[in-house]
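Below, each chain spelled out in residue letters.
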There are 2 protein chains.
Amino acid sequence: MKEVKIGILGLGVVAQGFLEMLTSQKQKIEAQKGIKLIVSKVLVREGEEKTTIANKYGFELVTDVKKITEDDEISIVIELMGRVHPAKEFIKQALENKKHVVTANKDLLAQEGLELITIAKENQVGLYYEASVAGAIPILRTLATSYFADNIQQLTGIVNGTTNFMLTKMFEEAWTYEQALQAAQEAGFAESDPTNDVDGIDAAYKLIILARFAFGVNLTLEQLTIQGIRQIHPLDVSGAQQLGYTIKLLGSLIKKDHHLTACVQPTFVPDTHLLSSVKNELNGIFLKSDGIGESFHYGPGAGALPTGTSVLADVLTIVDRQLDGSATARFNPYQQPVHLEKDPEKTNAYFISLSPQIERKISEVQAELQTTFPKTIAQVQEATNQVALYVVTEQLTEAQLAELLAELTNYGEHHQPLQLMEV
Amino acid sequence: MKEVKIGILGLGVVAQGFLEMLTSQKQKIEAQKGIKLIVSKVLVREGEEKTTIANKYGFELVTDVKKITEDDEISIVIELMGRVHPAKEFIKQALENKKHVVTANKDLLAQEGLELITIAKENQVGLYYEASVAGAIPILRTLATSYFADNIQQLTGIVNGTTNFMLTKMFEEAWTYEQALQAAQEAGFAESDPTNDVDGIDAAYKLIILARFAFGVNLTLEQLTIQGIRQIHPLDVSGAQQLGYTIKLLGSLIKKDHHLTACVQPTFVPDTHLLSSVKNELNGIFLKSDGIGESFHYGPGAGALPTGTSVLADVLTIVDRQLDGSATARFNPYQQPVHLEKDPEKTNAYFISLSPQIERKISEVQAELQTTFPKTIAQVQEATNQVALYVVTEQLTEAQLAELLAELTNYGEHHQPLQLMEV
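Before going into details, it helps to say that this report is about the structure given with it. Just so we're clear, the structure is a prediction, and the values are computed from it rather than from any experiment. (Residues numbered from 1 in each chain as written. Chains lettered and ligands numbered in written order. Predicted model: local features only at pLDDT ≥ 70, side-chain atom pairs only at ≥ 80, totals over all residues. Heavy atoms only, no water.)

Looking at the sheet that holds strand 5 (residues 100–103) of chain B
Strand pairing in a sheet relies on backbone hydrogen bonds, with the paired strands running either antiparallel or parallel. Residue and element names in this part refer to chain B. Selection rule: When DSSP finds two or more bridges between a pair of strands, those strands are recorded as paired. Put simply, DSSP H or I for four residues or longer makes a helix, DSSP E for two residues or longer makes a strand, and each gets a number counted from the N terminus.
Taken together, the six strands give an open sheet; going across it, the order is 3-2-1-4-5-6, and neighbouring strands pair in parallel fashion. The sheet terminates laterally at strand 3 (60–62) and strand 6 (127–128), the two strands that pair on one side only. Two elements, strand 4 (residues 74–79) and strand 5, share four bridges in a ladder whose sense is parallel. What sits directly across from I76, in strand 5, is H100.

Have a look at this one:
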């Protein structure tokens, strides 16, 4: 039976999930594809003690990447080290040595993807990274195949599991932001420095990769409007619940004519929308397009087995293409001219909660707000002996929102306004 | 620019949806793939008046299929006629003349798929039929790629739009079965003879195709347990609503060890499950597997543009493979040994509604039921001055259910028991 040799860079949980799935699916792969997939070498750091697992799966541990990238017998390299450096240099070496590469590294692909795609093309090898976005949801493959035949208007997704876990707990268990963060860290979802997750950076990286496949555009982090979840106040949560909404950190790409808006921000999602049913660490992506209409793609966004399965699916795609004798890197996005531009006329509805220090009678405040801002609705709620004021605005431009916020300071301190999802 | 010529068999709504999408995506396809897709000939029936549309898109109308299957310039044939004959014979001719074939014909693929797949393989051409199941949801491609690297335990789906539309109306508008059927016919979802839809045959055909991709087994209609929605009574609907369920016609494939159960039946789905959010004519498929865990795939199950887009995506896959110089028919399912066998020990929970002619006091009935059948819960509801009795059983084997039903006749006429979804 033909053998395909694989080298892996890194031996963390995802690599171990990949090894577990490869072992459990070995028989099926050999019977159906007629090939044996063999992991022959795995790169670990100097001094890392991994002999037990190396013995279990029967591969060689190496500490010099060249032992893999310059091994003529290895045709596929899987990078699972994470972070940008030295992963980028190692992948570059592998591609230049005509090895196909599979990676789950979103930071790298978001920031340095174009350069690596170009190197892969020049060397006529494949660069696959389905697992870098939304874990086991095959969204990149679906965008590259089903949606290539379509024109996408909107992609809106929950693509960061950590913050979605936190927001779920803040809603279902009434935990504070701090309690939710601690639980996420204890559950292993959030790192000790949670900045990339809670500030929306991780979601933004994924959105950059999705934008390539969905819209054929290459965005940089600076071009995105990014807002994290640190500012979400318990009053926002209770207000959302009373109004029939849940708060989700949504990444969204919306195309109108040739203009694209790209942002990551906590958003009020109606309880009736499919995205509101994405709970805990799961991910979900909602698409609107000319041909297909509305579709929804839901599954685990992370985890050793789901991510390992996604990496294995990419490896099998490469193997199919090797068997067919075609070595081009088809799994690359298309390009199209789209302008990323803020439209000052763009309007949104917002939710604003005001802190409870309101000295005047609520009925007066409400009356005044309605008079001064006919486009706002004020809802008054009584809870824990405090008075909270929730304002849901009608459609406002950013300038109009700024005006409203200035007026609202007359009635007490207001929290960060939260956008309502467009449906 | 390289030209790829296409022939279409049939010029109904899906063919027109395909032509519309091809035209709107023409520029993108040419720019990205460097090829021109040209529909050169379309087969219509003798006497069919389609010259306006032929002139609009610039193709030739033919009434003899050989003008397409024996045209050396045509490399891709799209079959959109529906029904088994003569579609089967025409596809066979096309494959034997080394043409790749794309079809949306579920009846044909479910019943005669194996023979056609074999002919495609022998002739080294592709046979693609993504649009035959769940319209624009790329479930076959996802099963053949992402899930090839995984072991699926369960596939449960809403794959018939007509009955889902009807059930949605019976729940949301309190329509009777008859009212819902009439509305489905007026909306163009149900045909004048709705047998295939309402009796679950259409869903069963789709399940047969899904079983090939998900489990590598070839089922026949006779091997499936099939139950339609004709028997759904308004009492079932109100009972479901009061208990926090909705009724959906689910097709399900469940694998335990090497045994597979395959059935289509109206099922009580908890309001909290993602499948309950699939409304009207939409489709949704829920999967459980070893590696990925739980995933959900949602989108339109029919319609001219969604189906046309799915057909176009298959055509583009063929074009990619032609460009790569590989002509094998990779989009075919794998095979694995799975036994289709009824397990007499298999248990399920059931919902049973009893018609309101109960002479004894409800409290007595309830007391007796609880005594006689400690594994049942009786719920008593008062509505429209009638008394209805809803029974939700605990886990019962089929034999135990039959016993219970015999006992229940003592308390009045009971309706068909409805299975509760396993979650």
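Next comes the rest of the write-up.
Some words on unusual backbone geometry
Residue P86 of chain A is bonded to the preceding H85 of chain A through a cis peptide linkage, with omega at 5°. Relative to the helices and strands, P86 of chain A is located in the loop between strand 4 (74–79) and helix 5 (87–96). In this structure, A134 of chain A takes a positive phi of about 55° despite not being glycine. For A134 of chain A, the position within the fold is in the loop between strand 6 (127–128) and helix 7 (139–144). Of note, the phi angle at N280 of chain B is positive, near 50°, even though the residue is not glycine.

A short note on the relation of the copies chain B and chain A
Rules: When the copies are superposed, the least-squares fit takes in the C-alpha atoms of residues with a pLDDT of at least 70 in both.
Once turned by 180° and shifted 0.0 Å along the axis, chain B lies on chain A with an RMSD of 0.0 Å. In the structure described here, the two chain copies are related by an operation that fits a two-fold rotation axis. In terms of proximity to the rotation axis, the leading residue of chain B is H297 of chain B, whose C-alpha is 2.7 Å off the axis.

Brief notes about helix 6 (residues 106–122) of chain A
All names here are of chain A. Going by this rule: Throughout, the bend at a residue refers to the angle made by two axes, fitted to the seven residues ending there and to the seven starting there. Each residue gets one of three labels from its accessible area relative to the maximum for its type: buried under 20%, exposed over 50%, partly exposed in between, using a 1.4 Å probe on protein chains only. Any pair of N or O atoms that falls within 3.5 Å is considered a polar contact. Within protein, one atom must be able to donate a hydrogen and the other to accept it, and sequence-neighbouring residues count only if both atoms are side-chain atoms.
The axis of helix 6 is deflected most strongly, by about 85°, at E112. When helix 6 is considered as a whole, its buried residues turn out to be K106, D107, L108, L109, A110, G113, L116, I117, I119 and A120. Of the residues flanking the start of helix 6, the one acting as N-cap is N105, its side-chain oxygen 3.0 Å from the backbone nitrogen of L108.

Side note on the interface of chain B and chain A
Interfaces are often sized by the accessible area lost when the parts come together. Worth spelling out the cut-off: Here a residue-residue contact requires only that any non-hydrogen atoms of the pair lie within 4.5 Å. Values labelled buried area give the accessible surface lost by two parts on being combined, using a 1.4 Å probe and summing over both. Any carboxyl oxygen of Asp or Glu that lies within 4 Å of a side-chain nitrogen of Lys or Arg is treated as forming a salt bridge with it. Under the scheme applied, nonpolar residues are Ala, Val, Leu, Ile, Met, Phe, Trp, Tyr, Cys and Pro; charged residues are Asp, Glu, Lys and Arg; polar residues are all the others, including Gly.
Facing the 43 residues of chain B at the interface are 43 residues of chain A. Roughly 3700 Å² is buried in total at the junction of chain B and chain A, and carbon and sulfur atoms are behind 59% of that figure. At the boundary of chain B with chain A, the tally comes to zero salt bridges. Counting across the chain B and chain A interface gives eight residue pairs in polar contact (both at pLDDT 80 or more). Counting residues per element, the ones that place at least two in the side of chain B that touches chain A are helix 1 (13–33), helix 6 (139–144), strand 12 (293–300) and helix 12 (304–324) of chain B. Looking at the side of chain B that touches chain A, the element that brings in the most residues is helix 12 of chain B, giving nine residues. A breakdown of the residues in the side of chain B that touches chain A according to their chemical character gives 18 nonpolar, 15 polar and 10 charged. As judged from the three bridges shared by strand 12 (residues 293–300) of chain A and strand 12 of chain B, these two strands associate in the antiparallel manner.

A look at the sheet that holds strand 5 (residues 100–103) of chain A
All names here are of chain A. The criterion, for reference: Lines fitted to C-alpha atoms define the axes, with helix axes restricted to the stretch in contact, and inter-axis angles between N-to-C directions lie between 0 and 180 degrees.
With parallel pairing, the six strands of this open sheet are ordered in space as 3-2-1-4-5-6. Strand pairing shows two members of the sheet lacking a second neighbour, strand 3 (60–62) and strand 6, which therefore form its edges. Direction of pairing for strand 2 (residues 35–43) relative to strand 3: parallel, over a ladder of three bridges. Bridge assignment links K41 to a residue of strand 3, and that residue is E60. Here helix 5 sits on the sheet in contact with strand 1 (2–9), strand 2, strand 4, strand 5 and strand 6, set at roughly 150° to strand 5.

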